[in-house]
Amino acid sequence: MSGGSRTPTAGEPGPRVALHLLGGFQLLHDGTPVVVPRGLQRVIALIGLRPAATRSHLAGLLWPDTPEERALSSLRTALWRLRQDPCCPLRTDGDTVRLGPTVRLDVEELVAAATQVREGVVPRGATGAGRHDLLPGWYDDWVLLERERLRQLRLHMLEELAGSHLTAGRHGEALEAALEAMAAEPLRETPHRLVVRIHLAEGNAFEAVHSFYVYRDLLLRELRLEPSPAMTALLDDTLAPIRRASRPERPPSPRRTPRPAPPSMPTGTP
């Protein structure tokens, strides 16, 4: 590791340290990027994501195909290398290793925003929180699991945020949050359903119907599926007159005329 930071002298505040894992690994000291070798990036990233993990657990995740003693030895070497640098963001606490108390982790900011939204608070900048995937291009099992967890966390946060804004009548903010969720997962029905509800709440029937059929076409093209009955039901009242007008009228049944009775046969001879 190397960077432009120096160790603060007594009485000086410590450096502002930021660890970014969303969108790619980046370690900053007072805004200056720190160069970290890829092997040590994995150690720092995992410790940031699993702050309560023991050394044995960390070693098993980082070197899953290696015997435990050798994996623990590799972890000890990596931690020793990290501690030689004044930019080291880690602190040892018994059998666990965690980020230092001054390190700001972007993943924690996303989790905190989601928690606030769940509690009914609308934090500033929540719509843009976690917009990028966790460590793109990394394919460790622990990365894939955490990436999906954070992706689902953000989707639900945006949908809850859109629903909260819609209930409060803040249609512009509701639409912004719903469209963010839609961009994150275009085939997910929930944000599309929210968009339809928002347009209907604003009285924009055309926008609501248009959004419904755009999603329906996408779903049919990509998955050969139809929208759920719950989404279709949103437009029942709006589409009812259109369906009645487009229903072909049945032609009237032709009136049947009575067939004439056959002539009576003579009863006698002339």
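Residues numbered from 1 in each chain as written. Predicted model: local features only at pLDDT ≥ 70, side-chain atom pairs only at ≥ 80, totals over all residues. Heavy atoms only, no water.

Engineer: Teacher, can you tell me more about the packing of aromatic side chains here?
Structural biologist: Within a pair of aromatic rings, the relevant descriptors are the distance that separates the centres and the angle that separates the planes. A full pass over the atoms with the stated rule returns one aromatic pair. Between the aromatic rings of F212 and Y213, the centroid separation amounts to 5.1 Å while the plane-to-plane angle is 85°, which identifies the pairing as edge-to-face. (Phe/Tyr/Trp six-rings, centres within 6.5 Å; stacked < 30°, edge-to-face > 60°.)

Engineer: Whenever I open this one, the pairing of strand 1 (residues 17-20) confuses me. Can you help?
Structural biologist: Walk down a regular strand and you will see the side chains alternate between the two sheet faces. Relative to strand 2 (residues 26-29), strand 1 runs antiparallel, the two being bridged by four bridges. By the bridge assignment, L19 is partnered in strand 2 with L27. Following strand 1, the chain reverses through five residues before pairing antiparallel with strand 2; G23 in that reversal takes a positive phi of roughly 90°. Relative to strand 6 (residues 103-105), strand 1 is paired through three bridges, and the arrangement is parallel. What sits directly across from A18, in strand 6, is R104. (Pairing = 2+ DSSP bridges. Helix = DSSP H or I, 4+ residues; strand = E, 2+ residues; numbered from the N terminus.)

Engineer: Help me out: how do you make sense of unusual backbone geometry in this one?
Structural biologist: One can expect most non-glycine residues to show negative phi and most peptide bonds to be in trans. For L135, which is not glycine, the phi dihedral falls at a positive 40°. Mapped onto the secondary structure, L135 falls in the loop between helix 4 (106-118) and helix 5 (141-167). Looking at L135, the relative accessible area reads 0%, which means it is buried. Located in the positive-phi region is R224, a residue other than glycine, with phi close to 55°. With respect to the element layout, R224 can be found in the loop between helix 8 (205-223) and helix 9 (229-234). (Buried < 20%, exposed > 50% of the residue type's maximum accessible area, 1.4 Å probe, protein only.)

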